[in-house]
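Structural overview
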Amino acid sequence: MTLSSIVNLIFMKSNIKSILKIIFFGLITILIIIQFLPIGKNHTNPPVMKEPQWDTPQTRATFIRACADCHSNETKWPWYSNIAPVSWLIQDHVDEGREHLNISEWGMRKYHEDDAVKEVEKGAMPLEGYLFLHSEAKLTQQEKEEFIQGLKATFGSEEEETEHTESEIEE
Ligand code: HEC
C-alpha cells in the first residue's frame, strides 16, 4: 500500500474534522512523551566561586538583571524551563552562556569577556528570545550607555582595535 493510497483512504472515510482531531491528539501525545526524555533537565546552580572586580555596584546590578540568568551560577529557572521542548532550548542557552562567560567562576577559565561591550552595542546580548519573556532585562538607551562604560571598565574591550582595522580595510 503506497502512501498516497493511505491518504486517499483517510480522506474518503473521514471528514476534515476527524483528521484535525487525529493531528491534535497526535501532537498532545508527542508533547507528553517528550517530557520524559532525559534532555534539558540539568537545572543546577553550582556554587559561586569568585566574581570579577566590578568597576561599580551599578554595573554588577545591570549584569545580574540582564545577563546573569545565562552567564552566572545564579540562574533563575522559570516554571516553563521544566517543560519540553522549551526546556531544551533554555538548558542549551544556559550551558553555552556559562561556557562563554561565567561571572561566578571568574579566573577559573578563559572567557570572551572583552566581547561583552561589542555584544551589547550591537544588541546581540541579551538574546532576543530572552527579552521577549523578560521585560525587566530590557535596557533603556541611557542604561545601555552606562552599562557599556561599566563593561569597558570591568572587562576591557576589543572594540577600538576592531573598528580601526575595519576602517582600514574599507579604505
Ligand atoms: C538567554 C541567555 C543569555 C542571556 C540573557 C545573555 N546571554 Fe550572552 N550568551 C548566551 C549564549 C548562548 C552565548 C554563546 C553563543 C553566542 O555567542 O551566541 C553567549 C555568549 C556571550 C558572550 C561571548 C561572545 C563570544 O564572542 O564568544 C558574551 C561576551 C556575552 N554573551 C555577553 C552577554 C551580556 C553582556 C549579556 C547581558 C546584557 C548577555 N550575554 C545575556 C546566552 C545569553
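Residues numbered from 1 in each chain as written. Predicted model: local features only at pLDDT ≥ 70, side-chain atom pairs only at ≥ 80, totals over all residues.

**Comments concerning the overall build of the protein**
The helix and strand inventory of the protein stands at nine helices and zero strands. In sequence order, the secondary structure elements of the protein are arranged as α-α-α-α-α-α-α-α-α. Sequence-distant contacts, at least 24 apart, represent 81% of the contacts inside the protein between residues at least 6 apart. (Helix = DSSP H or I, 4+ residues; strand = E, 2+ residues; numbered from the N terminus. Contact = placed C-beta atoms within 7 Å.)

**Things to note about the site of the ligand**
As a structural note, the neighbourhood of the ligand is formed by 19 residues, with C67, C70, G97, M125 and Y130 the closest of them. Those elements giving two or more residues to the shell around the ligand turn out to be α4 (68–71), α5 (86–100) and α6 (116–121). The greatest single-element share of the shell around the ligand, amounting to four residues, is contributed by α5. When the residues that make up the shell around the ligand are grouped by side-chain class, the tally is 10 nonpolar, five polar and four charged. (Near = placed C-beta within 6 Å. Nonpolar A, V, L, I, M, F, W, Y, C, P; charged D, E, K, R; others polar.)

**Remarks on the environment of E146**
Within the secondary structure, E146 is located in helix α8 (residues 141–155). When the C-alpha atoms of E146 and T62 are compared, they prove to be 9.5 Å apart, with 84 residues separating the residues in sequence.

**Digging into the packing of helix α3 (residues 57–66) against α8**
For the pair α3 and α8, the least separation of the axes is 9 Å and the interaxial angle reads 110°. What the angle tells us is that α3 and α8 run roughly perpendicular. Taken as a pair, α3 and α8 cross one another with a handedness that is left-handed. On the side of α3, the interface is formed by Q58, T59 and T62, while α8 contributes E143, E146, F147, G150, L151 and T154. (Axes fitted to C-alpha atoms, helices over the stretch in contact; angles between N-to-C directions. Parallel < 35°, antiparallel > 145°, perpendicular 65-115°, else oblique. Left-handed = near helix turned anticlockwise from the far one by under 90°.)

**Observations concerning the nonpolar core**
Ranked by size, the top nonpolar core spans 17 residues in total, and within it F63, C67, A68, A116, V117, V120 and L151 carry the most contacts. Secondary structure elements with two or more residues in this core: α3, α4, α5, α6 and α8. Leaving out residues up to four positions away in the same chain, A68 has contacts with F63, E74 and I103. (Core = buried A, V, L, I, M, F, W, Y, C linked by C-beta atoms within 7 Å. Buried ≥ 20, exposed ≤ 12 C-beta atoms within 10 Å, placed from the backbone.)

**Structural notes on unusual backbone geometry**
Peptide bonds are, in most cases, trans, and in most cases residues other than glycine have a negative phi. The amide bond that connects A84 to the next residue, P85, takes the cis arrangement and shows omega of 5°. By secondary structure assignment, the location of P85 is in the loop between α4 and α5. A cis amide bond links M125 with the next residue in sequence, P126, at an omega value of -10°. Positionally, P126 belongs in the loop between α6 and α7 (128–133).

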